[in-house]
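What follows is the residue order along each chain.
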Amino acid sequence: MAEYDLLVLNGVAITHNETNEYDIAVKDGKIAKLVRRGEISISQAKKTIDAEGAMVMPGGVDAHVHLDEPPLFGKGSTADNYETGTRSAIAGGTTTVITFAPQNKAEPSLLKCLAATHARADNNCYSDYSFHLICSNAGPLAISEFAALREAGISSLKIYMTYEALQLQDSEVLDVLFEARKQKIVTMIHAENGAIIDWTIKKLEEKELFAPKYHVNSHPPVAEIEATYRAISLSEFIDVPILIVHVSSPSAAKHISDAQKKNLPVYAETCPQYFTLTRKDLDKPGFEGAKCVCSPPPREGVQDHEGIWKGLEDGTFTILSSDHCPFIFDNTETGKSSVITKEYPVGHFKYIPNGCPGVETRLALAMSAKRLTMERFVEVTSTNAAKLYGLYPKKGGLVPGESDADLTIWYPEGMKEYQLNNEMLHHNVDYTPYEGQTIKQWPRYTILRGEVVWDKDNGGITKPKGYGKFLKRDTSSLAGPRNAEEWDVEKF
Ligand SMILES: *[C@@H]1O[C@H](CO)[C@@H](O)[C@H](O)[C@H]1NC(C)=O
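What counts, and where the lines are drawn
Residues numbered from 1 in each chain as written. Predicted model: local features only at pLDDT ≥ 70, side-chain atom pairs only at ≥ 80, totals over all residues. Heavy atoms only, no water. Helix = DSSP H or I, 4+ residues; strand = E, 2+ residues; numbered from the N terminus. Expected span 1.5 Å × (residues − 1). Buried < 20%, exposed > 50% of the residue type's maximum accessible area, 1.4 Å probe, protein only. Contact = heavy atoms within 4.5 Å. Pairing = 2+ DSSP bridges. Right-handed = clockwise from strand over helix to strand, strands pointing away. 1 Å grid on protein atoms, 1.4 Å probe; cavity = no way out; pocket = protein on both sides within 12 Å on 5 of 7 lines; lining within 4 Å. Points joined across faces, edges and corners; volume = space filled by probe spheres on them. Near = heavy atom within 4 Å. Polar contact = N/O pair within 3.5 Å; in protein donor to acceptor, adjacent residues only side chain to side chain. Nonpolar A, V, L, I, M, F, W, Y, C, P; charged D, E, K, R; others polar. Core = buried A, V, L, I, M, F, W, Y, C linked by side-chain atoms within 4.5 Å. Axes fitted to C-alpha atoms, helices over the stretch in contact; angles between N-to-C directions. Parallel < 35°, antiparallel > 145°, perpendicular 65-115°, else oblique. Left-handed = near helix turned anticlockwise from the far one by under 90°.

Chemist: Help me get a handle on helix α8 (residues 221-238), residues and values and all.
Modeler: Given a rise of 1.5 Å per residue, 18 residues ought to cover 26 Å, and the 26 Å separating the end C-alpha atoms of α8 matches this to within 8%. Inspection of α8 places Ala-223, Glu-224, Ile-225, Ala-227, Thr-228, Arg-230, Ala-231, Ile-232, Leu-234, Ser-235 and Ile-238 among the buried residues, and these make up the whole buried set. Buried residues along α8 sit in contact with α5 (170-183), β12 (186-190), α6 (194-206), β13 (242-244), α9 (250-261) and β14 (266-270). Phi for Asp-239, located one or two positions after α8, is positive at around 60 degrees.

Chemist: Lay out the pairing of β14 in plain terms, naming residues and giving numbers.
Modeler: Summarising burial for β14: 5 of the 5 residues are buried, a large majority. Burial along β14 is two-sided: Val-266, Ala-268 and Thr-270 facing one way and Tyr-267 and Glu-269 facing the other are all buried. Summarising the sheet, β13 and β14 pair through 3 bridges and their orientation is parallel. Its bridge partner being in β14, Ile-242 is matched across the sheet by Val-266. Handedness of the crossover joining β13 and β14 through α9 is recorded here as right-handed. In terms of strand pairing, β14 meets strand β15 (residues 319-320) through 2 bridges, oriented parallel. Bridged to Glu-269 within β15 is Ile-319.

Chemist: Any details on empty space enclosed by the protein? Residues and values, ideally.
Modeler: Overall, the coordinates contain 2 cavities of 30 Å³ or more when judged by the stated rule. Of the volumes computed, that of the second largest cavity is approximately 30 Å³. Around the second largest cavity, the lining residues are Met-57, Pro-58, Gly-60, Leu-363, Phe-377, Val-378, Thr-381, Ser-382, Thr-408 and Trp-410. Breaking the lining of the second largest cavity down by element, the ones donating at least two residues are β7 (55-58) and α13 (374-388). For the lining of the second largest cavity, the leading source of residues is α13, giving 4 residues.

Chemist: Summarise the site of the ligand; cite the residues concerned and give the values.
Modeler: Around the ligand sit His-16, Asn-17, Glu-18 and Tyr-392, and those are all the residues in its vicinity. Interatomic distance of 2.3 Å between a side-chain N/O atom of Asn-17 and an oxygen atom of the ligand. The side chain of Tyr-392 places a nitrogen or oxygen atom 3.1 Å from an oxygen atom of the ligand. The residue makeup of the shell around the ligand, split by class, is 1 nonpolar, 2 polar and 1 charged.

Chemist: Would you mind going over the nonpolar core in detail, with residue names and values included?
Modeler: One broad trend across soluble globular proteins is that nonpolar side chains are buried collectively. With 72 residues, the main nonpolar core has Leu-133, Phe-146, Val-176 and Leu-312 as its most contacted residues. At 6 residues, α8 tops the list of elements feeding residues into this core. Apart from the residues within four sequence positions on either side, Val-176 is in contact with Cys-135, Ala-138, Ile-143, Phe-146, Leu-157, Ile-159, Leu-168 and Thr-187. Counting 31 residues, the second-largest nonpolar core is a separate cluster that includes Val-293, Phe-349, Val-429 and Tyr-434.

Chemist: Account for the packing of α5 against α8, with residues named and values stated.
Modeler: Close contact between α5 and α8 brings their axes to 10 Å; oriented N to C, the two are set at 45 degrees. Between α5 and α8, the crossing angle belongs to the class labelled oblique. In this structure, α5 meets α8 at a crossing whose hand is right-handed. Touching Asp-170, Val-173, Leu-174, Leu-177, Phe-178 and Arg-181 of α5 are Arg-230, Leu-234, Ser-235, Phe-237 and Ile-238, all from α8. For the contact of α5 with α8, a count of residues per class yields 7 nonpolar, 1 polar and 3 charged.

Structure follows, in structure tokens:
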């Protein structure tokens with residue numbers, strides 16, 4: 001009887017803090033052992049994969065993915081469901097996604113939204129998955145359910161400071177943070193000032209400026225910078241961990257790094273669109289620019305991109321997620337093109353569904369940029385997301401006996417470069433914002449709990465949907481209040 005189910009041979013095993021020429025032995029879906037190359041003979045395993053000197057990492061963890069959500073922006077509805085979205089994830093080397101269970105303002109209960117989201121995901125997933133609850137109605141029922149969410153394995157929530165359909169007032173943000181502190185829940189915050197955005201939209205409309213590119217003008221950096229600082233202030237007041245999602249502006253990042261220097265539990269996320277795209281991508285003939293409409297928008301150019309890389313390198317950004325939020329471009333019912341009307345022949349920027357696909361391209365784009373050390377790459381694309389959201393070391397690591405055998409195996413050095421094209425991708429979207437980008441690396445194999453689920457050169461997706469499992473999450477191992485005592489209003 002073979003002792004191991006799988007051996008990954010001749011690779012360079014990389015974790016958030018180590019790089020070694022290790023062979024990896026897998027048993028019962030777990031990492032069993034990491035040994036020096038050649039120490040285990042292939043006769044001891046049922047199956048082997050020769051990594052041929054390539055990098056082998058913990059599977060990617062993408063903690064910001066929108067799938068199968070009901071319409072929020074007019075008619076636009078998410079192009080990917082749990083099947084197509086998680087299929088796209090594993091083809092891009094991501095073995096765990098954390099998606100959103102959205103609450104509609106008219107629905108007072110979060111638990112109901114959780115149940116409905118489970119029903120959409122159940123038996124449909126290729127990757128493992130969990131949910132963040134989006135809390136848009138922070139009424140007494142929702143707040144009273146936080147404890148039950150924890151029981152159900154949910155240890156994070158997301159709230160919005162903008163979008164009429166989702167926005168919470170500052171007092172409601174405090175209600176959420178106050179209870180989140182008690183229940184050890186991490187709160188993700190979409191930090192843009194809704195009033196500044198609405199006011200700026202009116203100014204653009206007065207001048208009859210409607211083309212997609214004006215989306216950038218309508219979300220000026222100040223809206224993000226102000227809201228980021230306010231979110232940090234509210235979190236400091238309650239002394240509770242927050243994560244600022246999809247930071248696009250280096251000036252907002254400065255507020256975050258200042259907070260971190262004061263030891264506040266303030267974490268931050270950025271996404272590949274903020275080091276690859278610029279406002280020029282929204283300024284294309286006709287309606288083309290709508291493909292890159294997301295919020296916050298891509299910023300000016302090289303200087304902003306450099307600021308984002310600096311934040312990734314120096315630790316200001318805890319995680320690099322995709323913010324995969326897919327809409328079909330050429331679909332006049334539910335897609336980006338649904339906003340083209342007789343009145344607005346190039347659409348009206350304010351109605352364009354906000355979001356871009358990217359769950360499949362996240363790792364390859366960040367890898368191809370060759371900016372991060374490989375350990376830092378693993379940390380921001382996998383380990384830190386697992387730690388922050390209560391999945392480490394089951395996910396995000398290669399800890400023998402503890403970690404699931406989730407691996408991303410790259411190509412040996414010198415893979416032939418190519419231009420990315422949407423036909424190569426596995427999402428249900430008719431474009432990628434990264435069409436034509438030079439790709440220098442791509443995951444060759446993706447392994448989920450010891451099973452090969454993606455083999456790029458031999459059939460691509462190799463296991464049916466339904467293999468992906470829901471992950472109950474624990475509390476964050478990265479984030480906690482600074483002060484363990486109960487919050488006391490008399491201290492202020
Ligand atoms: C890497 O981090 C893990 C904990 O996440 C720790 O157990 C291990 O000793 C560290 N390795 C090195 C080389 O620092």
